[in-house]
Amino acid sequence: MTKSVERNLVIGLDVGTSKVVATVGEVTADNQLSIVGVGSQISHGMDKGGVNDLDLVSESIQRAVDEAELMADCRISSVYLGISGKHIQCQNENGVVAINNNSEVTSEDIDNVIHIAKSVPISAERKMLHALPQEYSVDLQEGIRNPLGMSGVRMEARAHIITCSNDMAKNIEKCVERCGLHVDQFIFSALASGNSVLTEDERELGVAVIDIGGGTMDITIYTNGSLRHSAVIPVAGNQVTGDIAKIFRTPISHAEAIKVQYACASSQMASAEDTLEVPSVGGRPARTMSRHTLSEVVEPRFREIFDLAMDEIRRSGLEDQIAAGVVITGGTAKMTGALEVAEEIFQMPARIGNPIGITGLTDYVNDPSFATAVGLLQYGRTMQSNHEKKSTDTGSGNWWNRLTKWFQGEF
């Protein structure tokens, strides 16, 4: 968090494969999140969520942060940092404890059962990101959201554990620190995106969020209000760009521009009468082709992307519990025809996920490509509220501290 004397600010930093976004949110007096600054720059030195050039990534971060500082008229010193990549691993674990205090669940009992649930051995090369409680059971009663104060002799908890490569986290943290910034906390990017684009009803009914970025596709599945499954697949929008560049023999930069401006994920929706100029390499003259021809190249890759996502949903065993359908977000989700192809592949309702629940400069971030960046702000606002609650409510201060640590994965 970054604070000033008069302003209550929270900063999110999303370092993606294709774009770096820094967002500044101000928490208003009525606890609403208002966007007051946005910095967005092309990302250099990242590949599939991992750093491959520290200097280039640091430069991209610095430019995005400078832009956000200028817009928000503030000085950024620390950030909530999103992290993704194929090194992310997720699993569900159980913990069981005996209830000690006169057969009534206390905050200490909740601490203990979550601690046991997340005590699964992990190698020294991995870092715990999150331990997210899903539900509790006390004796024979199951599906409990908050067991505090309930009577019983035995309590069980189920938690979703998210870990990452320690070295991957250190590398991206180095890039941030080179810009004179401190990382308040690492946050799984898919978790941030889900917070940003989902409604509470969707989480309860069951929903899959598919965040298609430049280098990776993040998948999260929610049922009964909790995160049940998550995964990262290293196939995303850059593969579409690469296909365009190779098949039409045009530079990557031009292929990206063509993808953004003209590409359609469904050949049925692209007109053969619409044409575009395709720059060539080596000084050769540009060529003309139809938008329909371009879509015939793009559509198979989109179908592959959604097929991979569908395979992951089936692998989770939760396919029949996704009553609210699929929400696709991320920059690649904006392409014309993507929603129609998604509904055909998944055979369930689908919608494009834009950030919700924010005020302020919404015109800047009302776009699927900003879902993670806005979600990082919302996550940070929640953490900030928990800290403030702890400091004002001394009677339950320790409980709020423990809740904060659950999200942070610090037990």
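Residues numbered from 1 in each chain as written. Predicted model: local features only at pLDDT ≥ 70, side-chain atom pairs only at ≥ 80, totals over all residues. Heavy atoms only, no water.

Asks: Run through the pattern of salt bridges, naming residues and quoting values.
Replies: Following the criterion strictly, the structure yields 16 salt bridges and no others. The partner of Glu69 in a salt bridge is Arg75, with the nearest N and O atoms 3.5 Å apart. Judged by its relative accessible area of 63%, Arg75 falls in the exposed class. Each of Asp243, Arg301 and Glu304 takes part in one network of salt bridges that share partners. (Salt bridge = Lys/Arg side-chain N within 4 Å of Asp/Glu carboxyl O. Buried < 20%, exposed > 50% of the residue type's maximum accessible area, 1.4 Å probe, protein only.)

Asks: Help me get a handle on helix 3 (residues 166-178), residues and values and all.
Replies: For helix 3, built from 13 residues, the straight-helix expectation of 18 Å at 1.5 Å per residue is met to within 8% by its first-to-last C-alpha distance of 18 Å. Note on helix 3: the residue one or two positions beyond its end, Gly180, has a positive phi of about 75°. (Helix = DSSP H or I, 4+ residues; strand = E, 2+ residues; numbered from the N terminus. Expected span 1.5 Å × (residues − 1).)

Asks: How would you summarise helix 7 (residues 252-262) if you had to cite specific residues and measurements?
Replies: Structurally, the α-helix is built with 3.6 residues per turn, so residues lying three or four positions apart point the same way. What helix 7 keeps buried is the set Ala255, Ile258 and Lys259. All buried residues of helix 7 project into a common sector of 100° when viewed along the axis, lining one side. For helix 7, the exposed residues lying more than 90 degrees away from the buried face are Ser253, Val260 and Gln261. (Arc of directions from axis to C-beta.)

Asks: Describe the environment of Gly330, with residues and values.
Replies: Mapped onto the fold, Gly330 is located in the loop between strand 18 (326-329) and helix 9 (338-346). Considered as a pair, Gly330 and Pro368 are 38 residues apart in the sequence and their alpha carbons are 4.8 Å apart.

Asks: Go over the sheet that holds strand 9 (residues 126-138) with me, naming the residues and quoting the values.
Replies: By definition, the strands of a sheet pair up through backbone hydrogen bonds, in either a parallel or an antiparallel sense. The antiparallel open sheet is built from four strands, whose spatial order is 8-11-9-10. Each edge of the open sheet is held by one strand with a lone partner, namely strand 8 (89-98) and strand 10 (141-144). Neighbour-to-neighbour, the strand axes of this sheet turn through a mean angle of 35°, independent of strand direction. With two bridges connecting them, strand 9 and strand 10 associate as antiparallel partners. Paired with Val138 across the strands is Gln141, a residue of strand 10. Where helix 2 (residues 107-117) meets the sheet, it contacts strand 8, strand 9 and strand 11 (154-165), and its direction lies at approximately 135° from that of strand 8. Packing against the sheet, helix 3 makes contact with strand 9 and strand 11, and its axis sits at approximately 60° to strand 11. (Pairing = 2+ DSSP bridges. Axes fitted to C-alpha atoms, helices over the stretch in contact; angles between N-to-C directions. Contact = heavy atoms within 4.5 Å.)

Asks: Please give an account of the packing of aromatic side chains that cites residues and values.
Replies: In this structure the tally under the stated criterion is two aromatic pairs. Taken together, the aromatic side chains of Phe302, Phe306 and Phe346 make up a single cluster linked through ring pairs. Positioned over the ring face of Phe370 is Lys19, at 4.2 Å from the centre of the ring. One Lys or Arg, Arg203, reaches over the ring of Tyr222 and ends 5.8 Å from the middle of that ring. (Phe/Tyr/Trp six-rings, centres within 6.5 Å; stacked < 30°, edge-to-face > 60°. Lys NZ or Arg CZ within 6 Å of the ring centre and 35° of its normal.)

Asks: So what about empty space enclosed by the protein? Which residues, and what values?
Replies: Tallied over the entire structure, the rule returns one cavity of 30 Å³ or more. The volume enclosed by the largest cavity comes to roughly 30 Å³. The wall of the largest cavity is formed by Gln62, Val65, Glu69, Arg75, Ile76, Cys179 and Leu181. Among the residues making up the lining of the largest cavity, the classes are represented as four nonpolar, one polar and two charged. (1 Å grid on protein atoms, 1.4 Å probe; cavity = no way out; pocket = protein on both sides within 12 Å on 5 of 7 lines; lining within 4 Å. Points joined across faces, edges and corners; volume = space filled by probe spheres on them. Nonpolar A, V, L, I, M, F, W, Y, C, P; charged D, E, K, R; others polar.)

Asks: Account for the pairing of strand 2 (residues 8-15), naming residues and giving values.
Replies: Here is the key point about a regular strand: its side chains alternate between the two faces of the sheet. For strand 2, a buried count of eight out of eight residues is recorded, marking the element as mostly surrounded by other parts of the structure. Burial along strand 2 is two-sided: the face carrying Asn8, Val10, Gly12 and Asp14 and the face carrying Leu9, Ile11, Leu13 and Val15 are both buried. Between strand 2 and strand 3 (residues 19-27), which pair antiparallel in sequence order, lie three residues. Here strand 2 pairs with strand 7 (residues 78-83) via two bridges, running parallel. Bridged to Leu13 within strand 7 is Leu81.

Asks: Account for unusual backbone geometry, naming residues and giving values.
Replies: For Lys48, which is not a glycine, the phi torsion comes out positive at approximately 55°. Within the secondary structure layout, Lys48 lies in the loop between strand 5 (46-47) and strand 6 (50-51). Positive phi, close to 50°, is recorded for Asn224, a residue that is not glycine. Since its relative accessible area comes to 42%, Asn224 is described here as partly exposed.

Asks: Any chance you could break down the sheet that holds strand 15 (residues 226-233) for me, citing the residues and the numbers?
Replies: Spatially, 15-14-13-18-19 is the arrangement adopted by the five strands of the open sheet, whose pairing is mixed. Bordering the open sheet on either side are strand 15 and strand 19 (350-352), each of which pairs with just one other strand. Sheet twist, expressed as the mean angle between neighbouring strand axes with direction ignored, is 20°. For strand 13 (residues 207-212) and strand 14 (residues 217-223), the ladder comprises six bridges, and the chain directions are antiparallel. Counterpart to Val209 in the pairing with strand 14 is Thr220. In this fold helix 8 (residues 291-316) packs onto strand 13, strand 14, strand 15 and strand 18, with an angle of close to 40° to the strand it touches most, strand 14. In this fold helix 9 packs onto strand 13, strand 18 and strand 19, with an angle of close to 155° to the strand it touches most, strand 19.

None of this, on its own, says anything about what the molecule does.
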